Every structure is written in structure tokens, then in C-alpha cells.
Amino acid sequence: IARDTPAATVCAALQSLRKLDGNSVYEVRLQLAVAEARYAVGSVETAHEALREALRQLRLRANLIPDPNQRERFLCDGPDSAQVLLLASSWLGEML
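Notes on the structure in this doc start here. None of the values given here were measured: they were computed from a predicted structure.

## A short note on the overall build of the protein
Within the protein, the regular secondary structure consists of 5 helices and 0 strands. For the protein, the succession of helices and strands along the chain, N to C, is α-α-α-α-α. Across the 96 residues in the protein, those meeting the buried criterion constitute 36%. Expressed as a percentage of contacts within the protein between residues at least 6 apart in sequence, the contacts between residues at least 24 apart total 52%. As displayed, the protein has an accessible area near 5,800 Å², and 52% of this comes from carbon and sulfur atoms.

Okay, structure coming up:
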């Protein structure tokens, strides 16, 4: 989601999340967009909440991959996954 302002990004991502109702492969990407946009406008606590949800969704999806090598590729090679893990470590001090 690319918008002109962080606020527009948050609005667009939240609208998309409501439509998806938690049942989409795009949820991690949308939660990440919300987290980054909220952080950009100084809403650190709500940015952290969105990032925690992105991390939770990422964990759920990763746990569905039985093969450890494929799971690692999913987590490390996907740009959204890698960004969520990087920010979770940096902002929250959390690891997967």
C-alpha cells in the first residue's frame, strides 16, 4: 500500500484489514503498513500494537510450514516477513 501520507496509508490498510476479516495472506503486509505508517507519525504505541499483530500472523503462517528449510525461506526471504522480524527485534526486542 503506497499512499501520499502516513495517515492515508493507515486508513487504506485498516479498510483492507476490515474487509479481509483476518483471513488473508495479505494480513501481515497490511499490519506492517499500519505499523510503519503509525510509527512515522509518532503513534508509537499503536505502531507497536500493529507490529505485534503482524508478528502474531507471521508466526501462525510459519507454523503451518512443516519443512524447516521452507519455513526459514518464508521467514527470511519474503520482504514482508523479513521486515516484520527486523522491526520486531528493533522496536519490541522480540524474536520469532
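## Some details on helix 2 (residues 27-40)
Along its 14 residues, helix 2 runs 20 Å from first to last C-alpha, staying within 8% of the 20 Å computed at 1.5 Å per residue. Residues of helix 2 that are buried: Glu 27, Val 28, Leu 30, Gln 31, Leu 32, Ala 33, Val 34, Ala 35 and Ala 37. With its phi angle positive at about 90 degrees, Gly 42 sits one or two positions after the end of helix 2.

## Re the environment of Pro 79
Residue position: Pro 79 is located in helix 5 (residues 79-92). The exposure class assigned to Pro 79 is exposed, which follows from its relative accessible area of 63%. In sequence terms Pro 79 and Arg 29 are 50 residues apart; their C-alpha atoms lie 9.3 Å from each other.

## Points about the pattern of salt bridges
Counted by the stated rule, this structure contains 4 salt bridges. The salt bridge involving Arg 56 is made with Glu 53; its shortest N-O contact spans 2.8 Å. Here the residue Arg 56 and the residue Glu 53 both occupy positions in helix 3 (residues 44-63), the gap between them amounting to 3 residues, near one helical turn. On the basis of relative accessible area, Arg 56 is assigned to the partly exposed category, the value being 41%. It is possible to trace a salt-bridge network through shared partners that takes in Arg 52, Arg 59 and Glu 94.

Rules used throughout
Residues numbered from 1 in each chain as written. Predicted model: local features only at pLDDT ≥ 70, side-chain atom pairs only at ≥ 80, totals over all residues. Heavy atoms only, no water. Helix = DSSP H or I, 4+ residues; strand = E, 2+ residues; numbered from the N terminus. Buried < 20%, exposed > 50% of the residue type's maximum accessible area, 1.4 Å probe, protein only. Contact = heavy atoms within 4.5 Å. Areas by Shrake-Rupley, 256 points an atom, 1.4 Å probe, with all protein chains shown as cover. Expected span 1.5 Å × (residues − 1). Salt bridge = Lys/Arg side-chain N within 4 Å of Asp/Glu carboxyl O.

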